[in-house]
Each structure stands twice: as C-alpha cells, then as structure tokens.
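Inside the fold
Take a look at the letters that make up each chain.
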Amino acid sequence: MVLFWARLGSLNSLELSRPSRFWKTWLGQAPASADTVGRVHAGLEAEGLRQGIHHVYDRLKRNKALPDQQGLAVAVLDGHESHATYRRHCAACLRRTLIIAGQERIQYYHRYVTLMLLPGSVAGRRPLHFLLDLELQRPGEDEVSCGLRLLTRVLRRYRRAFDLLLADALYAQAPFFNFLLAQGKHVLVVLKDERRDLYQDSLGLFSQRPPQPGSYRSRQCSWWDVSDLHSWSQVQGLLRVVRSQETYSVQRQRDGKREQLTAEWIWVTTLPTLQVPTARVVHFGHQRWDIENYAFNELVSHWHADHVYKHQGNAIECFLLEISLAFNIFYAFLLRNVKSHLQPKPTVKFWAELIAAELRYEIFLTLRSP
C-alpha cells in the first residue's frame, strides 16, 4: 500500500526506503527486499486481495458513501493493455505478430479488464469512483470473453453492486447482452457497426421523425430515441437506440480562434423509455469515458500501474489488485474523510507527496549523523 500511496514507482525505490523509522512503527521491522517482494507476489493468492477490496466496498456501502445515480447503480467495464515487449515474456503473456522493417516480429503483452463503479455524489462532493475487480486476459481469448468471466465472478460476490453496465462498441455482442439480461441487469454500449441490421433500421427510423432538442453540459444537442426494436434477433429482449448530434466550440491554441465542431454518438441499451428519459441515456453514454479519465489515465500517469514489478502472470494480477485497493482507500479518505473546505486547496498530487515526504523524512532522521 505504501509503495502505491507514496507513488514510489518501483520495488527498488521501496527497498531504498528500508532505513526509514516509519517501517518499524508500522510493520515492526524493515520491509523485505525488492527480489523477495516480487517472488512472494508470484505465489500470492489473489483471492485474499479481492476480499480486501470487498471489505472496503462493504464498509463504504454501509456508510452511504457509494449512493446510486437517481435510483440506478452504474458500473463501467473496459480493457487496458498494460505493457508490451519483444523480448521478455511469461506463460501468461498474450502475443501478436507485427511487421517491422519488412520482417515479422512477435510482440508479447498483457491486457486486463476492469470493472469500476460510478456512484452518485454526496453533499456536493466529487463522486467516489471505486475499482471493484479486474481480470487478466488469457492467451487465446478475446476481451469480451475475459469480461464475461470477470462479471460472472463479480455477480456472485456483488449481486446488487450495479443495475446498469456501460461498455464501448467492442461489447456490442449478443452473448454479452444476453448474459446481463439473464442476470436482471441493464446494459448500454456504443453502437458503431454500420453493417448491423439494428444500425440500419435505427437510421431509417431516425429519418422519419424530427429530433428532440437538448443539451449535455455546454453542448447543444439534437436527440433521436427509438425503442422496442427487434432488429437484433440474437438478443433475447427488446432494445432501444439513442442518437445524439452535439455541437460545441473549441478555442485553438495557435491563433486563439474559436471553431465549431460536431460530434455524433449512437448507443444501444436495454433501459426502459418510461423510467429513463433520453437526457439520462445520453449522460450515461458519456459516462463510459470515466474509466479512462478517472482510472486508467490516472493509474498509469501517477500510480505507475503499467510498470512491471514482476513479470509473472500471478504477480502482475496481484500488483494490479493492490493498486486497486490502494486507489480505493486513498480516495475514500480524501473524498469522504478530509474536510470539504480543505479539498479544493491541496491537489491530489499534494496528498501523495505528503505521504512520500513523511516516509523520506524518516530516512533522513535515520541517516543523520548524531
């Protein structure tokens, strides 16, 4: 936990902190060497870490720190590639063949799928995004199969954690929809494949009705919403398609001029029209990016999540689960424990640097001459 809270970035940096008095206070002894920590993680049981995440989730849920969004508990599912290499590899590595300078080369990489909860806000504070679980993609399987395996385990342990699942266009597959419908869950994914009958039928229906004016943040929108569609015969339920054409302006850095831009989004969902209006569907559709903005981007840029602490499948999974646990505890403390009048002033980076400073100051006291 200290490795990630202090953003040390490597096991060697953790080993350099061994002289700190902090460890004797917190652990009763100095931490193990970098080699020992890596070796232990290769044999560590990941289930124990998942139980730790479940314990934090259960405490936060009991304390009303993870509220629903107007009656719906929302989660988002997405995959992330952590690293790639042409040389070092392990039994859990995925592989692909690339053409480099006219020659075929095998590239080894690891990819995992993460499920993150998107709760509502509490008393005007920023929502507490919660990393619920993750699953490493296995050799020979695709991301959707990995995601289904993750959801199967999650729904056994967190039966009521979410009502609606968001995903990108890759998950617009009938087995994925049918699995969630069988579990009593709703799903909303991006619809991009123009070859689908559902896509073509929706466009035909959109052309026969006027758009509904709306807005999303500062964007002016035109919305189309059609429901009770049977065009996707492999899906065991009625579907709804929402289209949003959005106009917004950006200011170019080069000349300072503002430029009008237009974006179009199409989503397919199982959400009922009467209970969930078009504006909320559009909002949920854009929330799919929260896992990129508040999880993957931050974990890679500031938490060193893409660093390979030990190149072995079980070790990689355990380190990723520990990062998730550290992330959840850190933001639970920052957003639910730190007083609200202090939150806008020190940045998130400040709190991480404060933790690292305490650790390093203790090293200074130890090494200081008497």
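The present account deals with the structure reproduced in this document. Residue indices begin from 1 for each chain and proceed along its sequence in written order. For this predicted model, a pLDDT threshold of at least 70 governs which residues receive local features, and a threshold of 80 or more governs which side-chain atom pairs are given and counted, while totals over whole chains, interfaces and linings are taken from all residues. With hydrogens and water set aside, each side-chain value is computed from the structure's full complement of heavy atoms.

Right, let's get into the overall build of the protein. Each helix is a run of DSSP H or I of at least 4 residues and each strand a run of E of at least 2, with the numbering of both proceeding from the N terminus. Secondary structure assignment for the protein yields 12 helices and 10 strands. Principal axes of the C-alpha set define a box for the protein whose edges measure 85 × 55 × 50 Å. A total of 370 residues make up the protein; the buried ones form 49% of that total. Throughout, a contact is declared for two residues whenever any of their heavy atoms are within 4.5 Å. Of all intrachain contacts in the protein linking residues separated by at least 6 positions in sequence, the fraction that spans at least 24 positions is 64%. Positive residues here are Lys and Arg, negative ones are Asp and Glu, while His and the chain termini are left out of the count. A charge is said to be at NZ when it belongs to Lys, at CZ for Arg, at CG for Asp and at CD for Glu. When the 47 positive and 35 negative side-chain charges of the protein are each reduced to one mean point, those points stand 6 Å apart. Note on exposure labels: buried denotes an accessible area under 20% of the residue type's maximum, exposed denotes more than 50%, and partly exposed covers the range between, all computed with a 1.4 Å probe on protein chains only.

Take the packing of aromatic side chains next. Stacked, tilted and edge-to-face are the three classes assigned to paired rings of Phe, Tyr and Trp, where Trp is represented by its six-membered ring and a pair needs centres within 6.5 Å; plane angles under 30 degrees give stacked, over 60 edge-to-face, the rest tilted. Counting across every chain of the model gives 17 aromatic pairs. Their ring planes at 70° and their centres at 5.2 Å tell us that Phe22 and Trp23 sit as a pair that is edge-to-face. Ring-over charges, as used throughout, are those where CZ of Arg or NZ of Lys falls within 6 Å of the ring centre and within 35 degrees of the ring normal. The ring of Tyr248 carries the charged tip of Arg219 above its face, separated from the ring centre by 4.0 Å.

Turning next to the pairing of strand E1 (residues 74-85). With nine of 12 residues buried, E1 lies mostly within the body of the structure. In this analysis, strands are considered paired if DSSP registers two or more bridges between them. Inspection of the sheet shows E1 paired to strand E3 (residues 103-117) by 10 bridges, in the antiparallel sense. Among the inter-strand pairings, His80 is bridged to a residue of E3, identified as Tyr112.

Next up on the list: the side chain of Ser244. Along the chain, Ser244 falls in strand E9 (residues 239-251). Taking relative accessible area as the criterion, Ser244 reaches 0% and is therefore assigned buried. Ignoring anything within four residues of it in the chain, the contact list for Ser244 reads Cys221, Ser222, Trp223, Ala263, Glu264, Trp265, Trp267 and Val282.

Moving on, we come to the environment of Phe364. Along the chain, Phe364 turns up in helix H12 (residues 348-367). The class for Phe364 is partly exposed, based on a relative accessible area of 48%. Sequence spacing of Phe364 and Ser20 is 344 residues, and the spatial spacing of their C-alpha atoms is 7.7 Å.

Attention now goes to the nonpolar core. Soluble globular proteins tend to pack their nonpolar side chains together in the buried interior. Ranked by size, the top nonpolar core spans 110 residues in total, and within it Leu115, Phe162 and Phe176 carry the most contacts. Considering each element in turn, this core owes the most residues, 14 residues, to helix H11 (residues 313-336). Discounting chain neighbours no more than four positions away, the residues touching Leu115 are Ala75, Val76, Leu77, Phe130, Leu131, Leu132, Asp133, Leu150, Leu151, Val154, Phe162 and Leu165. What makes a nonpolar core is a set of buried Ala, Val, Leu, Ile, Met, Phe, Trp, Tyr and Cys residues whose side-chain atoms join them at distances within 4.5 Å.

Attention now goes to helix H8 (residues 197-206). Along an α-helix, a turn takes 3.6 residues, which lines up residues three or four apart on a common side. Among the residues of H8, Leu198, Tyr199, Ser202 and Phe206 are the ones counted as buried. For H8, the angular spread of the buried residues around the axis is 100°, confining them to a single face. Elements in contact with the buried residues of H8: strand E8 (219-229), E9 and strand E10 (258-269). Along the arc lie the directions from the helix axis toward the C-beta atoms.

Before going further, it helps to examine helix H5 (residues 46-62). In this analysis, the expected span of each helix is defined as 1.5 Å times one less than the number of residues it contains. Compared with the 24 Å implied by 1.5 Å per residue over 17 residues, the 25 Å span of H5 between its first and last C-alpha is a close match. Those residues of H5 not exposed but buried are Ala46, Leu49, Arg50, Ile53, Val56, Tyr57 and Leu60. All buried residues of H5 fall inside an arc of 120° around its axis, so they share one side. Next to the buried residues of H5 lie E3, strand E4 (130-136), helix H6 (143-157) and H11. Phi for Lys64, located one or two positions after H5, is positive at around 60°.

Right, let's get into the packing of helix H4 (residues 34-42) against H11. One way to put it is that H4 packs onto H11 with a least axis distance of 7 Å and a crossing angle of 100°. Looking at the two axes, H4 sits roughly perpendicular to H11. Contacts between H4 and H11 involve Val37, His41 and Ala42 from the former and Asn314, Ala315, Cys318, Phe319 and Glu322 from the latter. In this classification, the charged set is Asp, Glu, Lys and Arg, the nonpolar set is Ala, Val, Leu, Ile, Met, Phe, Trp, Tyr, Cys and Pro, and all remaining amino acids, among them Gly, are polar. Taken together, the residues of the contact of H4 with H11 break down into five nonpolar, two polar and one charged. Only C-alpha atoms enter the line fits that serve as axes; for helices the fit covers just the stretch in contact. Angles between N-to-C directions range over 0 to 180 degrees. Note that the term roughly parallel is reserved for angles under 35 degrees, roughly antiparallel for angles over 145, roughly perpendicular for angles of 65 to 115, and oblique for everything else.

The subject of this paragraph is the pattern of salt bridges. One speaks of a salt bridge when a side-chain nitrogen belonging to Lys or Arg is within 4 Å of a carboxyl oxygen belonging to Asp or Glu. In total, this model carries 18 salt bridges according to the counting rule given. The shortest N-O distance in the salt bridge between Glu264 and Arg243 comes to 2.9 Å. Placement of the pair is Glu264 in strand E10 and Arg243 in strand E9, with a sequence separation of 21 residues. Judged by its relative accessible area of 39%, Glu264 is partly exposed.

Residue position: Pro19 is located in the loop between helix H2 (11-16) and helix H3 (21-26). Separated by 340 residues in the primary sequence, Pro19 and Leu359 place their C-alpha atoms 9.8 Å from one another.

Looking at where Glu141 falls in the secondary structure, it is placed in the loop between E4 and H6. Within the local environment of Glu141, its side chain forms a polar contact with the backbone nitrogen of Arg138, the two atoms lying 2.9 Å apart. Beyond its immediate sequence surroundings of up to four residues, Glu141 is in contact with Leu136, Cys146 and Arg149. The term polar contact refers here to a pair of N or O atoms within 3.5 Å; inside protein, the definition further demands a hydrogen-donor-capable atom paired with an acceptor-capable atom, and it admits residues adjacent in sequence only when both atoms are side-chain atoms.

Let's shift gears to the pairing of E4. With seven of its seven residues buried, E4 lies for the most part within the structure. Where E3 lies against E4, six bridges are found, and the strand directions are antiparallel. For Leu117, the partnering residue across the bridge sits in E4 and is Phe130.

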